[in-house]
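Listed below are the residues making up each chain.
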Amino acid sequence: MLQQRYTFEQVRQWLVPRAQWRPFPPAADREAWQGLLGHELNRRRRDYVIGLAQGLLGQSWPALPATLYMDYGRTGTRAAYERPYFERRHRLGVLVLAECLQGRGQFVDEIIDGLWLITEEASWCIPAHTHPIQLGVPQDVLPRQDRPIVDLFASQTAMALAETHYLLAAELDAVTPAIRQRVRTETLARVVEPVMDKADFAWLKFIFNWNTWCSSNTLGAGLYLLDDPDRTAKLAWQLMGATDTFLAGQLPDGGCSEGPGYWGVAPGAMLILLELLHSRSGGRIDVYDEPLIAELGRYITRAHLTGPWFVTFADCPPRVGVRAAVTYQYGRRIGDRGMQELALLGQRGWDPAGAIDPPIQADRNGGSLTHMLRELFWVDPADEPGQATPQRDVWLADLQVMVARQSAADSGGLLLAAKAGHNGEHHNHNDVGQFILLLDGEPMVVDVGVETYTAKTFGPNRYDIWCIRGSAHNAPVVNGHEQAPGREHQARDVQHTADESAAELRMDLSGAYPQAAGIESLRRSIRLERGAQPAVVVRDEIALAQGPLSAELHLFTPGTVELAEGVVRLSHKGRTLVLRYDPATLSPAVRDWPCDDPRMQAAWNGQLTRITLSLRRDDGQADYELRFEP
């Protein structure tokens, strides 16, 4: 797309010299930074960020010894190293933004300490990414020093250091010009030049978040630090090509198979790259009129259910932290007010009349400076969310995901999300046929999400993790067989319909299971019935090549459960959802399901309840219906 629309010579000609480029005002431009403070929200942001920074003064920076780096190779635990690694970058972002907002030099020494420490690190690549990138060399619990490794967070570090180098040029040079020289030398040598000159990193050809995440940060670092116009154009052209590769692999409906939790670092990261190109070329490089660009943006609004809740398919938490700056700016560029409203609502804790608290979002995973800076300058502080009406029916035909609301007028009543698709998606869960149910804005039947990442999450034993397996989702387990991973394990004969009376998704799930399950057909329909007696009706028809047949359906809920003959009552936060079933066919059982993992605790307060509905038939044939009613 980018390289098809523009030639290298045009890019070379249009990129303005670095000295003339002002994507944001440097801290020395006190008039520009003081100009932000005309709005009360930005004054609160100033006070908040400066307060955070003052609390950091004199505090020891987290240590990153070699043994901590080695811990991942020895135990598979990611958090031990990543927590202090990200804390360093978070601190730097807070301190830099505080200095820009205050402009008194109070934080400069602390910033120099942070820059010194980060440039001292043996590697900016986190341990979990060292081995996958250093393919072809003997594996070690420490990274090799004979080859720079550029992963998600090395590139993100490069961007943070480069923006610091730009924003605080005068302030740092007044104390010691050596620190900016060190930042420039290390960032070019570790990230920009290896990408530009070796061009052998696999992520340059990926069609998921690594491509856009690394490309946007590497491009940003290069644009801030490179002086040679030919080298600058070379890097921009190369990463335009990488972005084209990403775009060529996207679905026409804009669906993100990684789920909305990764949208901010996939299309959202692409938005940062497009903005860098747009800014540096004086607006000449501009692809916002391309339909695919718009569809990729709108996915985040289509995957939003209500309040903090999103479609939870793949490695996605149920509550997604919307990146306000990229979501708002993306919406502005493609003329989609719904995206801007989503950003504004997220800032306000999903209450249109709520306060923005905290007044600015600080990314704890190393992107604090990048995203806080853009939130200040990209999001209109005077803008407020209105009463944007969500789509009543969403159907992403290529991703095969549906969202259906009882009514688009408000968040009341039943809300259904369901998927067909396949089990070879990025960050895949074995979840073909999965459905999610909300009532009056509260989750009642849920997709549990994913636990904290470890070495196992992306290793050969990924599908041993309980929340990724088929049994953690609500398609049936047939004769002990769960769904199997792989692109070939997919839904067949998928059909979606929607009108004033109902929305329905129908599919044959048999292809999602291993052949050993002996399934001839497993037809599932998931239907939201509107009208005077709204309900969600799930119907399964199972036929095996030969009997006997046993099946179990697992439904997870954050609420309490009461059983009666033919009825399961799910109660949560003052809402009650009644599940009706044929007791002659299905037998219910209930089990408390503790969620001790930190990510699960954050979503479900540490506790879910699992409902199991079981059946057995000697002839290998069964059909049943689950009817959910308010």
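This one's a predicted model, so the numbers in the text were calculated from it and none came from an experiment. (Residues numbered from 1 in each chain as written. Predicted model: local features only at pLDDT ≥ 70, side-chain atom pairs only at ≥ 80, totals over all residues. Heavy atoms only, no water.)

Turning our attention to the state of the cysteines. Covalent bonding between the sulfur atoms of two cysteines defines a disulfide. One pass over the full model with this rule turns up zero disulfides. The cysteine Cys-256 is free of any disulfide, with Cys-316 supplying the nearest cysteine sulfur at 9.0 Å. The class for Cys-256 is buried, based on a relative accessible area of 6%. Between Cys-595, a free cysteine, and Cys-467, which holds the nearest cysteine sulfur, the sulfur-to-sulfur gap is 9.1 Å. (Disulfide = S-S within 2.5 Å. Buried < 20%, exposed > 50% of the residue type's maximum accessible area, 1.4 Å probe, protein only.)

In this approach, a probe sized like a water molecule rolls over the atoms, and the result shows the empty space that is left. Throughout the structure, instances matching the rule amount to five cavities of 30 Å³ or more. As for the largest cavity, its lining consists of 14 residues, and the residues nearest its centre are Trp-213, Asn-217, Ala-269, Ile-272 and His-371. Contributing elements (two or more residues each) for the lining of the largest cavity: helix H9 (152-167), helix H12 (209-225), helix H14 (267-280) and helix H18 (368-378). Residues that form the lining of the largest cavity fall into these classes: five nonpolar, eight polar and one charged. (1 Å grid on protein atoms, 1.4 Å probe; cavity = no way out; pocket = protein on both sides within 12 Å on 5 of 7 lines; lining within 4 Å. Points joined across faces, edges and corners; volume = space filled by probe spheres on them. Helix = DSSP H or I, 4+ residues; strand = E, 2+ residues; numbered from the N terminus. Nonpolar A, V, L, I, M, F, W, Y, C, P; charged D, E, K, R; others polar.)

The next subject is the sheet that holds strand E20 (residues 607-617). Pairing is antiparallel in the open sheet, where four strands are placed in the order E9-E15-E20-E19. Two strands in the sheet have a free side with no partner beyond their single neighbour: strand E9 (477-478) and strand E19 (587-594). Bridge count between strand E15 (residues 549-557) and E20: nine bridges; the pairing is antiparallel. Its bridge partner lying in E20, His-554 is registered against Thr-612. (Pairing = 2+ DSSP bridges.)

Volume-wise, the second largest pocket comes out at about 830 Å³. Of all the secondary-structure elements, those providing two or more residues to the lining of the second largest pocket are helix H15 (291-302), strand E1 (304-306) and helix H17 (337-347). Across the lining of the second largest pocket, the residue classes break down as 13 nonpolar, eleven polar and nine charged.

For strand E7 (residues 435-439) and strand E8 (residues 442-445), the ladder comprises three bridges, and the chain directions are antiparallel. The residue of E8 that forms the bridge with Leu-438 is Pro-443. Between E7 and the antiparallel strand that follows it, E8, lie two residues; Asp-440 among them carries a positive phi value of about 50°.

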